Amino acid sequence: MVRAARAASGVEDVVVATSTAPGDDAVAELGEELGVQVVRGSEDDVLSRFVLALEETGADAVVRLTADCPLADPSLISAVVGMWKADPSLDYTATTLVRTLPRGLDVELASRDALLTADAEAESFHRTHVTSYLYDSKRYFRTMGLVVQPAANDLRVTLDTVEDGEMLDAVVAELGDRAPAWHEVVDLLRSRPDITRINAGVRQKKLADG
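No experiment lies behind these values; they were computed from the predicted model shown.

*Asks:* Explain the overall build of the protein chain to me, and be specific about the residues and the numbers.
*Replies:* A count of helices and strands for the protein chain gives ten helices and six strands. Relative to a compact globule of 210 residues, whose C-alpha radius of gyration would be 17 Å, the protein chain shows 17 Å and is just as compact. By residue count, 43% of the 210 residues in the protein chain fall in the buried class. Put simply, 64% of the contacts in the protein chain that link residues at least 6 apart link residues at least 24 apart. With the model as given, the accessible surface of the protein chain reaches about 10700 Å², and the carbon-plus-sulfur share is 48%. Seen as two clouds, the 21 positive and the 36 negative side-chain charges of the protein chain have centres 5 Å apart.

This is the structure we're talking about:
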């Protein structure tokens, strides 16, 4: 994840925003070893951690990359950042507003003002999911989404279960230990049903399930 973020255009600072829970000590230590800034906050109120990263860096916007998406593509990150830089009046840009990419290649960007508004107003599961208040609330936010064709949103490369981990290991064994392009991942999975079958039985939780 750190390598992918560092390779993306338009990203100035890479921050690992983890919790203060003892179980995340190893995450913080790895971030420090990799030479990136580490901030630590609430385990459950993930939104507050992003605000902490915002305050520590003074950033105009924050790109959200979740650690359960280890195949992040620097070109997708660059594209989402580029959309916002082309129109900084946007509150939120993402690959997820209309999902056409495999689950696990998610990239989201929230402007500073939008993230601070969410922090001031969001409650319940919105504080766990960080950005959901920006696209799933009654408040008006200006958003823009990135889509690809042909759609590949039936595929899954996120890490939630043991089966997901086995499938990701199989992908890395084929593509190498690097940040692959999204279309490389899609092409591999389309051509290798033996790999997609590994986690075919896993079902994604609904947003409100936390």
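*Asks:* If you had to explain the nonpolar core to someone new, which residues and values would you point to?
*Replies:* Counting 31 residues, the largest nonpolar core has Val-157, Val-171 and Leu-189 as its most contacted members. The element contributing the most residues to this core is helix H4 (residues 74-86), with six residues. When residues no more than four places from it in sequence are discounted, the contact partners of Val-171 are Leu-71, Gly-176, Leu-188, Leu-189 and Ile-195. Among the nonpolar cores identified, the runner-up in size contains 18 residues, and Leu-47, Phe-50, Val-51 and Ala-59 belong to it.

*Asks:* Now, about the side chain of Thr-100: what can you tell me, with residues and values included?
*Replies:* In this structure, Thr-100 sits in the loop between strand E4 (92-94) and strand E5 (108-111). Residue class for Thr-100 comes out buried when judged on its relative accessible area of 6%.

*Asks:* Talk me through the pattern of salt bridges; I want residue IDs and the actual numbers.
*Replies:* Under the counting rule described, the total for this entry stands at 14 salt bridges. Arg-3 serves as the salt-bridge partner of Asp-177, at 2.8 Å between the closest nitrogen and oxygen. With Asp-177 in the loop between helix H8 (162-175) and helix H9 (182-191) and Arg-3 in helix H1 (residues 2-7), this residue pair connects regions lying 174 residues apart in the sequence. Ionic pairing is found between Arg-192 and Asp-194, a salt bridge with its closest N-O pair at 2.8 Å. If you follow the salt bridges from partner to partner, you end up with Asp-45, Asp-119 and Arg-127 in one network.

*Asks:* Mind laying out the sheet that holds strand E3 (residues 61-64), listing which residues take part and the relevant values?
*Replies:* Ordered by their spatial adjacency, four strands build an open sheet running E3-E5-E4-E6, and the pairing between neighbours is mixed. Whereas interior strands pair on both sides, the edge strands pair on one side only; in this sheet they are E3 and strand E6 (143-145). When the angles between neighbouring strand axes are averaged without regard to direction, this sheet yields 15°. Two elements, E4 and E5, share three bridges in a ladder whose sense is antiparallel. Residue pairing in the sheet places Ala-94 in a bridge with Glu-108 of E5.

Reading guide: rules and limits
- Residues numbered from 1 in each chain as written.
- Predicted model: local features only at pLDDT ≥ 70, side-chain atom pairs only at ≥ 80, totals over all residues.
- Heavy atoms only, no water.
- Helix = DSSP H or I, 4+ residues; strand = E, 2+ residues; numbered from the N terminus.
- Rg over C-alpha atoms; globule rule 2.2 N^0.38 Å.
- Buried < 20%, exposed > 50% of the residue type's maximum accessible area, 1.4 Å probe, protein only.
- Contact = heavy atoms within 4.5 Å.
- Areas by Shrake-Rupley, 256 points an atom, 1.4 Å probe, with all protein chains shown as cover.
- Lys, Arg positive; Asp, Glu negative; His and termini not counted.
- Charge placed at Lys NZ, Arg CZ, Asp CG, Glu CD.
- Core = buried A, V, L, I, M, F, W, Y, C linked by side-chain atoms within 4.5 Å.
- Salt bridge = Lys/Arg side-chain N within 4 Å of Asp/Glu carboxyl O.
- Pairing = 2+ DSSP bridges.
- Axes fitted to C-alpha atoms, helices over the stretch in contact; angles between N-to-C directions.

Limitation: the analysis is restricted to geometry and does not speak to function.
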